[in-house]
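Residues per chain, in single letters:
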Amino acid sequence: MALATPLRRLLPVAAAAATAPDPAGPSSLNPRRVLSLRYGRLRSSLAASPEPRSRPLTASAAGGGRPTVLVTEKLGMAGLDLLRAFANVDCSYELTAEELRAKVSLVDALVVRSGTQVTREVFEAARGRLRVVGRAGVGIDNVDLQAATEAGCLVVNAPTANTVAAAEHAVALLASMARNVAQADASLKAGKWQRSKYIGVTLVGKTLAVLGFGKVGSEVARRAKGLGMDIIAHDPYAPVDRARAIGVDLVSFDEAISTADFISLHMPLTPSTEKLFNDETFAKMKKGVRIINVARGGLVDEEALLRALDNGTVAQAALDVFTEEPPPRDSKLVQHENVTVTPHLGASTTEAQEGVAIEIAEAVIGALKGDLAATAVNAPMVPAEVLSELSPYVVLAEKLGRLVVQLVAGGSGVKVVKVVYSSTRDPDDLDTRILRAMVTKGIVEPISSAFVNIVNADYVAKQRGLRIIEERILLDGSPEIPLDSIQVHLTNVESKFGGALSDAGDIKVEGKVKDGSPHLTLVGSFSVDVSLEGNLILCRQVDQPGVIGKVGSILGNMNVNVSFMSVGRTARGKQAIMAIGVDEEPEKEALKLIGDTSSVEEFVFLKL
């Protein structure tokens, strides 16, 4: 989804024109038609600007060239075409762990499926160059998210393109298992006619427990409702109203497994869900239960399932995934007569493969442009419309952070940062996570070698002992504009510019967005109004005639272009602060002359 230009600063690998979103969603068009439209529209966008502009942060960017994408597992041609229109693409399949570590330091993005293990060692080997990992599919258990976050590397997946395919496969296994389709097929092809042996069970009126009520789980529920089944579900994160909308009751885990006739697994594989279905779990189930797993093999203790099948607790199982893939040829579970198996076919439809390839290519390209992908899994999930609305404030937040940290006197460690948002909106209607991240970025990057973005901002702040406090000031008025102002306070630090100190002794600056551009509006207790562009000179002087002219003449004589100037004072004839925007950094001689000007009590030059 296209975002306003300033948001590309969040993931700065390469900046280029953003792609417009589809005017219609999948519900209003045939899925193949939607994919075709998205594919064609993105290709047209890339063709219009095939050589992305770049920021000198990575090896490829430093050379001003196209980014490089490494694809380690087979990807649909439609996705590869999109990637090749934007970047240099290296398709290297079946890499060893050592070969992957050797290659990853040469690329800006990595695209994998489930077979490539993207470990902490991979991120360390990337040496800061890798900015995006794209997982072509839903699960991300083969990617070390913590290591990615620490490295500031965005991880994106393709969660929607294969949703329908996975749900259809679950329902196919459900019906096939209930009617012994696979076993009867094998029997008949072996020359046997065993009608009485393969009597099945009806689905109408049976209770199906959907464990994991996300995208796939909810689609399975919709389809099973059409088969006349009663649906219950367990998912601690699923909204009750969404479940009720399709006639599903959310229940506890124990209630789900103890009352269901059929259980369909759609949970992610995490440390808490690994081997969740074990001897203890099976013992709580209704005798004769039937289980379908198209999620992750590691959810099920396969030895425990085999025992449950043998003792009749589980009547049948239908498995598309296994702990080890492919499973051993002599696997007793695979060979069990009451088990229906398929070789991880959940997403294996022509439409799904094409869709996954396009979806992951779009996400990776968007991230390389600097857009925050909607499918990011290790960054705050901020809706695209919110990102677009806050885009000018994103720039303001970073500028204020960069400005305020330069006001700290040498030797003063920044430990506490208070960010105050003034807004007419209710706090629940104002998502400030992205703004907090950008204040952190502005404060940390100028005084360290760290690379900070929305992915790792909180982690970087924590590692440096930086405490970020957020406060809200609720204003009266129309909530059309998200923010009136942002203030940044640094407490318990010394300032190299005394005029920036508030009455409470904090370094304090405030900014607003005016006509789409960030402006500095307050320094300490002094009101100013200067655009936060280029660089800034702050002068505190006695409020008397001629001082502004003298400083302006010095800059003019030194060929320094003044872009903005604003003066704020506490009272007539007392102290004033002059804020001067300049395009370039003045020579040391010019700065010395400003400092020597009568009535100028202090000044500071700030790079923005």
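Note that this is a predicted model, so its numbers are computed, not measured. (Residues numbered from 1 in each chain as written. Predicted model: local features only at pLDDT ≥ 70, side-chain atom pairs only at ≥ 80, totals over all residues. Heavy atoms only, no water.)

**Quick look at the overall build of the protein chain**
Summing up its helical and strand segments, the protein chain has 20 helices and 24 strands in all. Taken across its 608 residues, the protein chain has 52% of its residues classed as buried. Relative to all contacts within the protein chain whose residues are 6 or more apart in sequence, the contacts with residues 24 or more apart total 67%. Accessible surface for the protein chain amounts to roughly 27,000 Å². Of this, 50% is attributable to carbon and sulfur atoms. (Helix = DSSP H or I, 4+ residues; strand = E, 2+ residues; numbered from the N terminus. Buried < 20%, exposed > 50% of the residue type's maximum accessible area, 1.4 Å probe, protein only. Contact = heavy atoms within 4.5 Å. Areas by Shrake-Rupley, 256 points an atom, 1.4 Å probe, with all protein chains shown as cover.)

**Overview of a nonpolar patch on the surface**
Nonpolar side chains collect at one region of the surface, where Ile-548, Val-562, Met-565 and Val-567 lie side by side and expose about 270 Å² of accessible area between them. Among the elements that make up the nonpolar patch, the one with the highest residue count is strand 22 (residues 562-569) (3 residues). (Patch = residues over 30% accessible without salt bridge, like charges linked within 9 Å, V, L, I, M, F, W, Y side chains within 5 Å. Salt bridge = Lys/Arg side-chain N within 4 Å of Asp/Glu carboxyl O.)

**Notes on the sheet that holds strand 19 (residues 517-523)**
Strand order in this open sheet of 6 strands is 16-15-17-18-19-20, and the pairing throughout is mixed. Looking along the sheet, the strands with just one partner apiece sit at the ends: strand 16 (467-474) and strand 20 (526-531). For this sheet the average axis-to-axis angle between neighbouring strands, irrespective of direction, equals 20°. Inspection of the sheet shows strand 18 (residues 507-514) paired to strand 19 by 6 bridges, in the antiparallel sense. Its bridge partner lying in strand 19, Lys-514 is registered against Ser-517. (Pairing = 2+ DSSP bridges. Axes fitted to C-alpha atoms, helices over the stretch in contact; angles between N-to-C directions.)

**A look at empty space enclosed by the protein**
Under the criterion given, the structure shown has 1 cavity of 30 Å³ or more. The computed volume of the largest cavity comes to approximately 50 Å³. Around the largest cavity sit Tyr-421, Ser-423, Arg-425, Pro-427, Leu-430, Arg-472, Ile-473 and Leu-474, which together line it. Among the secondary structure elements, those contributing two or more residues to the lining of the largest cavity are strand 15 (416-423) and strand 16. (1 Å grid on protein atoms, 1.4 Å probe; cavity = no way out; pocket = protein on both sides within 12 Å on 5 of 7 lines; lining within 4 Å. Points joined across faces, edges and corners; volume = space filled by probe spheres on them.)

**Side note on the nonpolar core**
Ranked by internal contacts, the top residues of the largest apolar core, which has 82 residues, are Leu-407, Ile-486, Leu-520 and Leu-538. With residues up to four places along the chain from it excluded, the contact list for Leu-538 reads Leu-407, Phe-497, Leu-520, Val-523, Met-578, Ala-579, Glu-602, Phe-603, Val-604 and Leu-606. In this structure, Ile-257, Ile-263, Val-289 and Val-300 belong to the second largest nonpolar core, which totals 30 residues. (Core = buried A, V, L, I, M, F, W, Y, C linked by side-chain atoms within 4.5 Å.)

**A closer look at the packing of helix 7 (residues 163-178) against helix 9 (residues 215-226)**
Between helix 7 and helix 9, the shortest axis-to-axis distance is 8 Å and the interhelical angle comes to 50°. By the angle class used here, helix 7 and helix 9 are oblique. Crossing of helix 7 over helix 9 shows right-handed handedness. Where helix 7 abuts helix 9, its residues Thr-163, Val-164, Ala-166, Ala-167, Glu-168, Ala-170 and Val-171 lie against Lys-215, Val-216, Glu-219, Val-220 and Arg-223. Its residues assigned to classes, the contact of helix 7 with helix 9 shows 7 nonpolar, 1 polar and 4 charged. (Parallel < 35°, antiparallel > 145°, perpendicular 65-115°, else oblique. Left-handed = near helix turned anticlockwise from the far one by under 90°. Nonpolar A, V, L, I, M, F, W, Y, C, P; charged D, E, K, R; others polar.)

**Some words on the environment of Leu-130**
Summarising the element assignment, Leu-130 is placed in the loop between helix 5 (120-126) and strand 6 (132-135). Accessibility expressed as a relative area gives 3% for Leu-130, which makes it buried. When the C-alpha atoms of Leu-130 and Val-107 are compared, they prove to be 6.2 Å apart, with 23 residues separating the residues in sequence. Each residue touching Leu-130, except ones within four places of it in the same chain, is listed here: Val-104, Val-107, Asp-108, Ala-109, Leu-110, Phe-123 and Cys-153.

**Description of the side chain of Arg-425**
Following the sequence through the fold, Arg-425 ends up in the loop between strand 15 and helix 17 (433-444). Within the local environment of Arg-425, its side chain forms a polar contact with the side chain of Glu-389, the two groups lying 2.6 Å apart. Looking at Arg-425, its side chain comes within polar contact range of the main-chain oxygen of Glu-480, at 3.2 Å. Ignoring any residue separated from it by four or fewer positions in sequence, one finds Arg-425 in contact with Glu-389, Leu-474, Pro-479, Glu-480, Ile-481 and Pro-482. (Polar contact = N/O pair within 3.5 Å; in protein donor to acceptor, adjacent residues only side chain to side chain.)

**Some points on the sheet that holds strand 4 (residues 88-91)**
Taken in spatial order, the 5 strands of this open sheet run 4-3-5-6-7, and their pairing is parallel. Strand pairing shows two members of the sheet lacking a second neighbour, strand 4 and strand 7 (154-157), which therefore form its edges. The average undirected angle you get between the axes of adjacent strands in this sheet is 20°. Here strand 3 (residues 68-71) runs beside strand 4; their pairing, made up of 4 bridges, is parallel. Of the residues in strand 4, the one forming a bridge with Thr-68 is Asn-88. Taken strand by strand, helix 15 (residues 350-369) contacts strand 3, strand 5 (109-112), strand 6 and strand 7, and its axis lies near 170° from that of strand 6.

**Some words on the pairing of strand 19**
Within strand 19, 6 of the 7 residues are buried, leaving the element largely enclosed by the surrounding structure. Hairpin geometry of strand 18 and strand 19 is characterised by an intervening segment of 2 residues between the two adjacent antiparallel strands and by a positive phi of about 55° at Asp-515. With 4 bridges joining them, strand 19 and strand 20 adopt antiparallel strand pairing. Of the residues in strand 20, the one forming a bridge with Val-523 is Phe-526. If you look at the hairpin formed by strand 19 and strand 20, you'll find 2 residues sitting between the two strands, and Gly-524 has a positive phi there, around 60°.

**Looking at the side chain of Ser-105**
Here Ser-105 lies in the loop between helix 4 (97-104) and strand 5. Among the residues examined, Ser-105 registers a relative accessible area of 14% and is labelled buried. Discounting residues that sit within four places of it in the chain, Ser-105 has contacts with Ala-125, Ala-126, Arg-127 and Arg-129.

**Examining the confidence of the model for the protein chain**
Model confidence for the protein chain is summarised by a mean pLDDT of 85, while 87% of its residues fall at 70 or above. Between residues 41-63, whose pLDDT stays under 50, and residues either more than four places distant or in other chains, the model counts 55 contacts. (pLDDT = per-residue confidence, 0-100.)

**With respect to unusual backbone geometry**
Of note, the bond from Glu-325 into Pro-326 is cis; its omega dihedral lies within 30 degrees of zero at -5°. With respect to the helices and strands, Pro-326 occurs in the loop between strand 13 (314-319) and helix 14 (332-335). Of note in the backbone geometry, Asn-180 takes a positive phi value of approximately 55° without being a glycine. On the basis of relative accessibility, which here comes to 9%, the residue Asn-180 falls in the buried class.

**So, the pairing of strand 18**
Sheet topology note: the strand 17 (residues 485-491)/strand 18 ladder contains 5 bridges and is antiparallel. Bridge assignment links Val-488 to a residue of strand 18, and that residue is Val-509.

**A look at helix 20 (residues 588-596)**
Regarding helix 20, the residues found buried are Ala-590, Leu-591 and Ile-594. Buried residues of helix 20, viewed axially, fall in a sector of 100°; they line one side. The exposed residues of helix 20 that point more than 90 degrees off its buried face are Lys-588, Glu-589, Lys-592 and Asp-596. Contacts made by the buried residues of helix 20 are with strand 21 (535-542), helix 19 (547-557) and strand 24 (600-607). (Arc of directions from axis to C-beta.)

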